[in-house]
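Okay, here's what each chain looks like letter by letter:
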Amino acid sequence: MIENREYRIKRSQVGNIRSLHNTITELIGPNALRWYVSEITRAELVIEATICNDNLRVFDQSVDETYYPGKSVVVNIIPTGVGCEIGGYAGDAAPATNLLAAAADYLVTNPNAVNASNFISLERNVVYTEGFCIDLFCKGLIDLYIPYANRVGLIIEEADERQLDVVFNIVNTVKAVYGINIVDYVITKQPIGSRCVRNKSGAYVGSIDRPEVILDACAALIDKGANAIAITSNVQDLPREEYALHFAGQDANPTGGVEAVISHLITNQFRVPAAHAPMINVKDIDFRDQVVDARAAGEMASESGLACVLIGLHRAAQITRARRAQIADAVNVNNLLAVVAPAGCMGGIPTIYAQLRGVPVIAVDENRTLLGITPSMMGFDNVIEARSYAEAAGIVMALKRGINLESISRPLTTMKYEVADRELVTSVA
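Within the protein chain, the regular secondary structure consists of 13 helices and 19 strands. Here the C-alpha radius of gyration of the protein chain, 22 Å, is about what a compact globule of 429 residues would show, namely 22 Å. Overall, the protein chain is about 90 × 45 × 45 Å in size when its C-alpha atoms are taken along their principal axes. Within the span of the protein chain, comprising 429 residues, buried residues form 58% of the whole. Of the contacts formed within the protein chain by residues at least 6 apart in sequence, a portion of 75% connects residues at least 24 apart. As displayed, the protein chain has an accessible area near 18,600 Å², and 49% of this comes from carbon and sulfur atoms. Positive and negative side-chain charges in the protein chain, numbering 37 and 48 respectively, have mean positions lying 4 Å apart.

On to the pairing of strand E10 (residues 151–156). Judged by how many residues are buried, E10 sits mostly within the fold: 5 of 6 residues are covered. In this structure, E10 lies alongside strand E11 (residues 181–187), joined through 6 bridges in parallel fashion. Paired with Leu154 across the bridge in E11 is Tyr185. Regarding topology, helix H4 (residues 161–178) serves as the crossover connection from E10 to the parallel E11, and that connection is right-handed. Sheet topology note: the E10/strand E14 (residues 228–233) ladder contains 5 bridges and is parallel. Across the sheet, residue Ile156 finds its bridge partner in E14, namely Thr232.

For the rest of this paragraph, the subject is the layout of surface pockets. Looking at the largest pocket, its volume works out to about 440 Å³. Lining the largest pocket are 20 residues, and of these Thr25, Pro30, Ala32, Leu136 and Lys139 sit closest to its centre. For the lining of the largest pocket, the secondary structure elements donating two or more residues are helix H1 (17–28), strand E2 (32–40), helix H3 (131–139) and helix H10 (349–357). Its residues assigned to classes, the lining of the largest pocket comprises 13 nonpolar, 3 polar and 4 charged. In terms of lining residues, the second largest pocket is bounded by 14 residues, among which Leu122, Glu123, Arg124, Ile311 and Arg315 are the most central. Mapped onto the lining of the second largest pocket, the elements with two or more residues apiece are strand E8 (126–128) and helix H9 (306–313).

Attention shifts here to the side chain of Asn367. Structurally, the position occupied by Asn367 is in the loop between strand E18 (361–364) and helix H11 (375–378). A distance of 3.1 Å separates a polar atom in the side chain of Asn367 from the backbone nitrogen of Glu85. Polar contacts involving the side chain of Asn367 include one to the side chain of Tyr389, which spans 2.9 Å. Other than its neighbours up to four places away in sequence, Asn367 contacts Ile78, Cys84, Glu85, Ile86, Pro342 and Tyr389.

A few words on the environment of Ala392. Locating Ala392 in the fold gives a position in helix H12 (residues 389–401). Separated by 293 residues in the primary sequence, Ala392 and Leu99 have C-alpha atoms spaced 9.4 Å apart. Not counting residues up to four positions away in its chain, the partners in contact with Ala392 are Leu100, Val340, Ile362, Val364 and Ala386.

This part covers the packing of aromatic side chains. Applying the stated criterion across every chain, the model contains 3 aromatic pairs. Each ring, one from Phe59 and one from Phe132, has its centre 5.8 Å from the other, and the planes form 70°; the classification is edge-to-face. Of this pair, Phe59 sits in the loop between strand E3 (44–52) and strand E4 (73–76) while Phe132 sits in helix H3, and the two are 73 residues apart along the sequence. Like Phe132, Phe59 is buried. Ring centres of Phe168 and Tyr185 lie 4.9 Å apart, and the angle between their planes is 80°; on these two criteria the pair is classed as edge-to-face. You can see Phe168 sitting in helix H4 and its partner Tyr185 sitting in strand E11, a full 17 residues away along the chain. Above the ring of Phe59, the side-chain terminus of Arg271 is found at 4.0 Å from the ring centroid.

Here the focus is the sheet that holds E11. Within the open sheet, the 4 strands sit side by side as E11-E10-E14-E15. Their pairing is parallel. Edge positions in the open sheet fall to E11 and strand E15 (274–278), since each of these has one partner strand only. The sheet shows a mean angle of 20° between the axes of neighbouring strands, taken without regard to direction. In this sheet, E15 lies alongside E14 in parallel orientation, the contact comprising 5 bridges. Looking at the pairing, Ser233 lines up with Pro278 of E15. Across the sheet, H4 lies against E10, E11 and E14, angled at about 165° from E11, the strand it touches most. Strands E10, E11, E14 and E15 of the sheet are contacted by H9, whose axis makes an angle of about 165° with E15.

This part covers the sheet that holds E2. The antiparallel open sheet is built from 3 strands, whose spatial order is E1-E3-E2. The open sheet terminates on both sides in strands that have one partner only, identified here as strand E1 (2–10) and E2. Looking at each pair of strands side by side, their axes are set apart by 20° on average, direction ignored. Pairing analysis gives 7 bridges linking E2 to E3, with the strands arranged antiparallel. Residue pairing across strands places Ile40 opposite Leu45, the latter belonging to E3.

Our next topic: the packing of H4 against H9. The geometry of H4 relative to H9 is characterised by a closest axis approach of 9 Å and an angle of 40° between their N-to-C directions. Judged by the twist between their axes, the crossing of H4 over H9 is right-handed. Residues Val167, Ile170, Val171, Val174 and Tyr178 of H4 lie in contact with H9, whose contacting residues are Leu306, Ala307, Leu310 and Ile311. When its residues are assigned to classes, the contact of H4 with H9 shows 9 nonpolar, no polar and no charged.

So, how was this worked out
Residues numbered from 1 in each chain as written. Predicted model: local features only at pLDDT ≥ 70, side-chain atom pairs only at ≥ 80, totals over all residues. Heavy atoms only, no water. Helix = DSSP H or I, 4+ residues; strand = E, 2+ residues; numbered from the N terminus. Rg over C-alpha atoms; globule rule 2.2 N^0.38 Å. Buried < 20%, exposed > 50% of the residue type's maximum accessible area, 1.4 Å probe, protein only. Contact = heavy atoms within 4.5 Å. Areas by Shrake-Rupley, 256 points an atom, 1.4 Å probe, with all protein chains shown as cover. Lys, Arg positive; Asp, Glu negative; His and termini not counted. Charge placed at Lys NZ, Arg CZ, Asp CG, Glu CD. Pairing = 2+ DSSP bridges. Right-handed = clockwise from strand over helix to strand, strands pointing away. 1 Å grid on protein atoms, 1.4 Å probe; cavity = no way out; pocket = protein on both sides within 12 Å on 5 of 7 lines; lining within 4 Å. Points joined across faces, edges and corners; volume = space filled by probe spheres on them. Nonpolar A, V, L, I, M, F, W, Y, C, P; charged D, E, K, R; others polar. Polar contact = N/O pair within 3.5 Å; in protein donor to acceptor, adjacent residues only side chain to side chain. Phe/Tyr/Trp six-rings, centres within 6.5 Å; stacked < 30°, edge-to-face > 60°. Lys NZ or Arg CZ within 6 Å of the ring centre and 35° of its normal. Axes fitted to C-alpha atoms, helices over the stretch in contact; angles between N-to-C directions. Left-handed = near helix turned anticlockwise from the far one by under 90°.

Written as structure tokens, this is what we have:
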């Protein structure tokens, strides 16, 4: 069973950022698919977590002693379901993502940063990586193996003939146009029951009625040679009024949270890249204007959300060598140059573990969200503030070149010796 829970930690229980992750892990236990700090007050921290009551697989093999020299990696986090001004709609973080990618050897990001239904934009060095994998990567528990190509298996929730026609026209298009190897598909015999849920913070998460239907279909596809899993289903319990506000650019995307839960579950259980897409994009809602906010237009212009997922999974990173993928390259946390995230979303695993490892976190101010968890609230001490993603890209380039950021800002500190220092040197001589 998948359920969403809220946990509270007294501020007195948390000494500093170094102990925070241990406190949270002990509190929520080993069966959390995802968690984040959603609120901080003078008295306590609030943690929102999605829990899988069935046993999750444990990742406990550190890669700290494995090195792939000469390659810089930046992780760009676009949290899903929290109303990111940039990236919280339909692939509208793709330009920012590709700009950051130009400043590093590899840019690791989660699918919703670039997914836009029939549309997707990712440069060759953008590593399309499911959020659970990004968490493991930042914890130093996995390598990311970048394949030449994956063999994609597709799970299709039971549907009527018209919806299946839409799905298979997309499948055949990406095979013909992008050369993607879709090895097989499974049409489920029962509904999956993917449901939208909204937490107290306002962030959208999700639940699954029948996770066993997903897992059985995954097992069948992997037995047939798939090493990446795409899944498409119709998300239920979508709040129609809020969805209309989303298309008007005034609310978070209600589907993102449950999509993350589904992909996290698949990746945990089978250790393969995974991504979810709405089978049919919901449009039977009361729009104030049929021309929607530009950031959400990709979804409105597309009948299904599936195409971008199949294209993205084509070269999505593997996290194990066991799936017979031909590997073009590999990186791990030792290559990590920086983590980029919205300035108000500092309470997630990638940013917390970056701080623990001394990796700079670049906090982008203009990417506002409905959360307000700032670096100072988290007690971070290795944060670089950026007004925009353009500024963040310049910071990444400076970090890669080893240029001290103070040297390109003004005023520039002038170092001087004091007379006492000079006398001390003279006396020693």
